[in-house]
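Breakdown of the fold
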Amino acid sequence: MSRKYWRISSFDKERVAELAYEYGYDELAVFLLAARGITEPEDIDEFLNYETDFSDPYLVKDMDKAVDRIVVAIENGEKIAVYGDYDADGVTATALLYLYLESQGADVTYYIPSRMEEGYGLHNDAIDTLAKQGVNLIITVDNGINSCSEAAYIKSKGIDLVITDHHQPGSTLPDAVAVVNPHRADDRSPFKELAGVGVAFKLVAAIEDGDYDSVLADFADIVAIGTIADIVPLKGENRLLAVRGIEEINNSSRPGIVAIKNNAGANIRDFNAMNVAFTIAPRINAAGRIEEATTALKLLLTEDEEEAATLADKLDAFNVKRQETEAAIVEEAINRIENDDSLKYSKVLVVDGENWHSGVIGIVASKLVDKYGKPVMVIAREGNGEAKGSCRSIEGFSLFDALTDAKDLLVRFGGHTLAAGFTVREDMIESFRQHINEYADKLDKFYPVLNLDCRINPAKIDLNFIESLCTLEPFGAENPQPMFGIYNVILKSVKAIGAKLNHTRITFEKKGQQYNGVYFGMIADDFPFDAGDVIDLAVTIDKNEYKGEVKPSIYVKAVRNSGVSDEDYFASELLYNKIKSGKTLNETERIKACPDRNFSAQVFRFVKNMKKCNRTPEQIAIKIGCGSEMTCKVKVVLDAFCELGLLDYKNGCYIPAENAAKVSLGEAAILKKLGYTQ
């Protein structure tokens, strides 16, 4: 995982404490809400007491037109097609509207395009298929807002179209009976952040004359899954949908939900938003990524327990295949990046490969962002002249803005600030890579950020602390699980745990008291700190129930040396990247990057004494008595020693070479470039 800039939320602690006392709020909960910008009493009340109400569904533009047309279709026995999307949001939205229309006696069918064969949105071939089936009305869910040409084609077929969507509209709306989207410029509904399934939920509630409770009684579980899976902000109406839906998921008798929970191996009474996000949602998404999304849809629609179990098994198999496919692409992408300095040290990683499964490249991009701490664009070349790309980003770099700047090089694109997709001609990939990085060079500095809600003293962590955290659930987008900083602790010991010994228990000391934290996914031998080091921990806190006893547990998410300057570290990293990417340094930069003989010897002695050094360059700089600002200089020295055969770098470790020939340090190309002198 990449090194991040640790940023603690800033707010007026005295005012917040007074507010908690005056209104009788839980102090920790109010502190955490303040860290997220929620400081007014009415907003705190709304959040903690779920006092938000669903707004009138008819406030959404064109909702009346949509309802009128659908009611007429039901009454006249016209054939209706629900046209969805292959991700979890689109699948749940399709299931919701299909089940509701079926319950009203409508003649209804559904259509979800194939991710691999058709791609996102409306397609003329699919419209032809529906026309042959005698469809009179198409209702889109989670798509359609930018399908102007397809809307015209539908109209030419004598079919009516109702669009429900939550994506950003273009300058021209499709020609349809109704275009229901809270992001329309002329929309006056108060809550804009609904997922596609949330818009479909509003439509059903409108048909039911605004009776939200009856719709939630029937479909809250389905709506919550799509809402959480689509990573829309879990605030306002979305928060209500998640709360009601999680209650229903934990008590659900819907065969598909029961089957997928059983397969996930989780306690069916203990699901929360995180469980939904990491167990249910990936399985539903896996169907559309690897095979056909209709498998997941059928799971949500079935009333037969045996069929549900069979379909849930299929989703499990799809998910395993998705994980294997994703892992293979990640490995290949990393190999490409690590063996190409011009790629590795660019500000935006644009990596492409043949026969990469386009259904998983978005997940691959996310993993590469975690590893390299940069915006990543992963492109799957399909051999037909076009390639599909998926992007993930970090704070400070808008993918949508970057793709807009490069639009002349693209066939199509769409998305948001931190996640987007595009299609590019294969012969334009290199030009696109160059253009994106030239665009990035013009921006202000951007780097990966680790947001901390506040510092805590581990002595304060008890069951009351856990109860305070529970008042903020459900956690999700724009209401993440709180992240705390535990600063200036002494590392006492590190121990491998887990059946495969692939996790680590960290014991640390603060003010004479020892505590344990679990670092999932960290192999103890790879943990790059020593007993006695003074470190900072970024942690989450959760309850752990074992044999009927409930205790708070500390989960470590990141570690750094105490007292480091993140500003100095990232300035040093930018300088090193500038060297490795072949850019010209000014004299001040050259002097700052170029080591002298004494400094080089210090670095070599440290590595040689460890025999197998897994410390980062920043940690080596600190260990030899320098600060984070020397990270670039340490990297330059290590590169020089590796180039000259004095060190070997394998599996994240620097290893001194055996019987290495005597060489002159000044012969290393990287040092020559920096004007090194003996």
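The structure displayed is predicted, hence computed values, not measured ones. (Residues numbered from 1 in each chain as written. Predicted model: local features only at pLDDT ≥ 70, side-chain atom pairs only at ≥ 80, totals over all residues. Heavy atoms only, no water.)

**Quick notes on the packing of aromatic side chains**
Following the criterion strictly, the structure yields 24 aromatic pairs and no others. Relative to Y447, the ring of Y5 has its centre 5.3 Å away and its plane inclined at 25°; by these criteria the two rings are stacked. Taken together, the residues span a long stretch of sequence, with Y5 in strand 1 (residues 5–8) and Y447 in the loop between helix 18 (429–441) and strand 12 (449–452) at a distance of 442 residues. On the basis of relative accessibility, which here comes to 24%, the residue Y447 falls in the partly exposed class. Taking the centre distance of 5.0 Å and the plane angle of 85° together, the rings of Y569 and F570 count as edge-to-face. (Phe/Tyr/Trp six-rings, centres within 6.5 Å; stacked < 30°, edge-to-face > 60°. Helix = DSSP H or I, 4+ residues; strand = E, 2+ residues; numbered from the N terminus. Buried < 20%, exposed > 50% of the residue type's maximum accessible area, 1.4 Å probe, protein only.)

**Focus on the pattern of salt bridges**
Enumeration according to the criterion identifies 45 salt bridges in this entry. Across the salt bridge formed by D530 and R615, the nearest N and O atoms sit 2.0 Å from each other. Of this pair, D530 sits in the loop between strand 16 (513–519) and strand 17 (534–546) while R615 sits in the loop between helix 22 (597–610) and helix 23 (617–623); the two residues are 85 residues apart in sequence, bridging distant segments of the chain. Ionic pairing is found between D536 and R560, a salt bridge with its closest N-O pair at 3.0 Å. With D536 in strand 17 and R560 in strand 18 (residues 549–561), this residue pair connects regions lying 24 residues apart in the sequence. With respect to burial, D536 and R560 carry one shared label: buried. Put simply, R336, D352, E354, R381, E430 and R433 are held in one network by salt bridges that share partners. (Salt bridge = Lys/Arg side-chain N within 4 Å of Asp/Glu carboxyl O.)

**Concerning helix 16 (residues 361–372)**
Over its 12 residues, helix 16 runs 16 Å from end to end, which matches the ideal 16 Å to within 8%, given 1.5 Å per residue. The complete set of buried residues in helix 16 reads I361, G362, I363, V364, A365, L368, V369 and Y372. Where helix 16 is buried, its residues meet helix 12 (273–290), helix 14 (305–338), strand 7 (349–354), strand 8 (376–381) and strand 9 (386–392). G373 sits one or two residues past helix 16 and shows a positive phi near 70°. (Expected span 1.5 Å × (residues − 1). Contact = heavy atoms within 4.5 Å.)

**Some words on a negative patch on the surface**
On the surface, D12, E14, E18 and E22 cluster together into a patch of negative charge. Within the secondary structure, E18 is located in helix 1 (residues 13–23). Residue classification places E18 among the exposed positions, given a relative accessible area of 53%. (Patch = residues over 30% accessible without salt bridge, like charges linked within 9 Å, V, L, I, M, F, W, Y side chains within 5 Å. Areas by Shrake-Rupley, 256 points an atom, 1.4 Å probe, with all protein chains shown as cover. Lys, Arg positive; Asp, Glu negative; His and termini not counted. Charge placed at Lys NZ, Arg CZ, Asp CG, Glu CD.)

**What about the packing of helix 11 (residues 255–264) against helix 12?**
With their axes 10 Å apart at the nearest point, helix 11 and helix 12 run at an angle of 110° to one another. Comparing the axis directions of helix 11 and helix 12 gives the class roughly perpendicular. Here the hand of the crossing between helix 11 and helix 12 comes out right-handed. Residues I260, K261, N263 and A264 of helix 11 pack against T279, I280, R283 and I284 of helix 12. (Axes fitted to C-alpha atoms, helices over the stretch in contact; angles between N-to-C directions. Parallel < 35°, antiparallel > 145°, perpendicular 65-115°, else oblique. Left-handed = near helix turned anticlockwise from the far one by under 90°.)

**Some remarks on the environment of E46**
For E46, the position within the fold is in helix 3 (residues 41–49). Given the relative accessible area of 36%, E46 is considered partly exposed. Sequence separation between E46 and G236 is 190 residues; the distance between their C-alpha atoms is 8.4 Å.

**What about the sheet that holds strand 2 (residues 79–83)?**
Here 5 strands make up an open sheet; going across it, the order is 3-2-4-5-6 and the pairing parallel. Looking at the sheet topology across the chains shown, the edges are occupied by strand 3 (107–111) and strand 6 (178–180). Averaged over all adjacent pairs, the angle separating strand axes in this sheet is 20°, with direction ignored. Judged from the 5 bridges that link them, strand 2 and strand 3 form a sheet pairing that is parallel. Its bridge partner being in strand 3, I80 is matched across the sheet by V108. (Pairing = 2+ DSSP bridges.)

**Observations regarding the state of the cysteines**
For the coordinates displayed, the defined rule picks out 0 disulfides. Of the cysteine sulfurs around C653, a residue in no disulfide, the closest is that of C613, at 7.5 Å. (Disulfide = S-S within 2.5 Å.)

**As for the sheet that holds strand 7**
If you walk across this open sheet you meet the 5 strands as 7-8-9-11-10, and the pairing is mixed. On the outer flanks of this sheet lie strand 7 and strand 10 (410–415), each paired with one strand and no other. This sheet shows a mean twist of 15° between the axes of neighbouring strands, independent of strand direction. Note that strand 9 and strand 11 (residues 419–425) share 7 bridges and pair antiparallel.

**Focus: the nonpolar core**
Residues I80, L96, L101, I139, F201 and L203 are the most contacted members of the largest nonpolar core, which totals 81 residues. The contacts of L96, once residues within four sequence positions are left out, are V197, A200, F201, V204, F219, I222 and V223. (Core = buried A, V, L, I, M, F, W, Y, C linked by side-chain atoms within 4.5 Å.)

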